[in-house]
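Residue-level listing of the chains:
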Amino acid sequence: MARSLEDTTKWVAGILLDRKVATEAELIGPQLIRVSRPKFAPFLAAIVNSSRVAIHDVQPFVDAGDAEIIANVPKESVWTGDAIRLLEEQPMAFGGIRDLMSASADEDVRTYVRSEYRFVERGLRQHDKVESFDRENERVYVVHRHSMKPLSFVLINEYELTGDHIRTARDRYGAFDTVLLNNPNGTITAGAESVAKAMKVPVFKWGQFLGRLNSP
Amino acid sequence: MSPNYVIDLIRSEAERIATAIGKDFIWYIFGSFSREPKIAADIDLLIICHSHRQTQELRTALSGLCLELPIHLLLMTTEEAIETQFVSSQKCYEIFPTLRASILDKAP
């Protein structure tokens, strides 16, 4: 059943052309696409296919230095904190196929950050109780607060938050103190509330979460 | 990766899981793949089952498929599906056990 990495990369190149994100999408390696676009200079995108993207998945592209973004194809996956930090140091952007499409519209692809992460990180930086924050992985942040113990949260962006979302977040991303449902139109199902209560992890939307940061 | 290939692959997994775990699940496609399957960047897949325990079994059983295809997996209990009216509000297409022909009409 498994496709080769080269076939996966070809499929991504086809999507970029079909969606008119790229004027040309040329495979220059089994995991590398040169993306030409209407407004800006071409760039290289690296494609990976992993349920858990770790340093060893991205190190070859960091060493080569020519890719500006690394896109992971599976959506049911996680980027580890170590891999994210390594890419941020370069800088190189990261994400999935949709991120690759969005980043293609930016002149500087390397500094692209998914809008939901940018929104939350800006909010944390502007909060007067927040001293700093770390990232455990793609979706779990640890917030260090002035004169209060750290608070970790998992960022979930769904229209309908279900019990399975919370259980899967715990399995996939590890421990967290709270859930932040970051979709402004998102709703919390009774099943999600029940699972969250059993796990003792309260669920907040953005405004409530900012308030939670004020409490020990 | 043609839409027909994607649907066939998902349905064959659904058959396998029905045999291995049980036949209680209803599988739907929604989102961009149901509207424009040829150019969709990912595949929104909803599976409705009876209990949270079943959702955990399904996640494990679907790990291979989720590595093969860019699937965004939404697992809901029957209660959650009724509460949210998700199938009607998101215009979900059933693909298993019944395959609604309209999803394939959009394929080339």
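Up top is the structure these notes are about.
Residues numbered from 1 in each chain as written. Chains lettered and ligands numbered in written order. Predicted model: local features only at pLDDT ≥ 70, side-chain atom pairs only at ≥ 80, totals over all residues. Heavy atoms only, no water.

Draft legend 1. How the structure looks around the nonpolar core. Ranked by size, the top nonpolar core spans 30 residues in total, and within it V58(A), I70(A), W79(A), L87(A), F153(A) and F209(A) carry the most contacts. Among all residues touching F209(A), those that are not within four sequence positions of it are L124(A), L151(A), F153(A), T178(A), L180(A) and F204(A). With 26 residues, the next largest nonpolar core counts V6(B), I10(B), I43(B) and L45(B) among its residues. (Core = buried A, V, L, I, M, F, W, Y, C linked by side-chain atoms within 4.5 Å. Buried < 20%, exposed > 50% of the residue type's maximum accessible area, 1.4 Å probe, protein only. Contact = heavy atoms within 4.5 Å.)

Draft legend 2. View of the interface of chain B and chain A. Residue-level contacts link 30 residues of chain B with 32 residues of chain A. Contact between chain B and chain A buries roughly 2,600 Å² in total, counting both sides, with carbon and sulfur atoms accounting for 54%. Applying the counting criterion to the chain B and chain A interface returns 4 salt bridges. Between D42(B) and K75(A) there is a salt bridge whose closest N-O contact spans 2.9 Å. For the pair chain B and chain A, the number of links is 13 residue pairs in polar contact (both at pLDDT 80 or more). For the side of chain B that touches chain A, the secondary structure elements donating two or more residues are α1 (3–20), α3 (52–61), α4 (63–68), β3 (71–77) and α5 (78–84) of chain B. By residue class, the composition of the side of chain B that touches chain A is 17 nonpolar, 7 polar and 6 charged. (Buried area = accessible area lost by both parts, 1.4 Å probe. Salt bridge = Lys/Arg side-chain N within 4 Å of Asp/Glu carboxyl O. Polar contact = N/O pair within 3.5 Å; in protein donor to acceptor, adjacent residues only side chain to side chain. Helix = DSSP H or I, 4+ residues; strand = E, 2+ residues; numbered from the N terminus. Nonpolar A, V, L, I, M, F, W, Y, C, P; charged D, E, K, R; others polar.)

Draft legend 3. The arrangement of helix α2 (residues 55–64) of chain A in detail. Residue and element names in this part refer to chain A. Turning to α2, its buried residues are D57, V58, F61 and V62. Projected down its long axis, α2 shows its buried positions confined to an angular sector of 115°, all on one face. For α2, exposure combined with an orientation more than 90 degrees from the buried face picks out H56, D63 and A64. Packed against the buried residues of α2 are β3 (43–48), β4 (52–53), β5 (67–72), β6 (78–79) and α3 (81–89). (Arc of directions from axis to C-beta.)

Draft legend 4. Fine view of the pairing of strand β12 (residues 178–181) of chain A. Residue and element names in this part refer to chain A. Of the two faces of β12, both are covered, the one formed by T178 and L180 as well as the one formed by V179 and L181. Relative to strand β14 (residues 203–205), β12 runs parallel, the two sharing 3 bridges. Paired with L180 across the bridge in β14 is F204. (Pairing = 2+ DSSP bridges.)

Draft legend 5. Quick peek at the packing of helix α6 (residues 163–173) of chain A against helix α7 (residues 190–199) of chain A. All names here are of chain A. With their axes 7 Å apart at the nearest point, α6 and α7 run at an angle of 35° to one another. Touching G163, I166, R167 and R170 of α6 are G191, A192, V195, A196 and M199, all from α7. Here the residues of the contact of α6 with α7 sort into 5 nonpolar, 2 polar and 2 charged. (Axes fitted to C-alpha atoms, helices over the stretch in contact; angles between N-to-C directions.)

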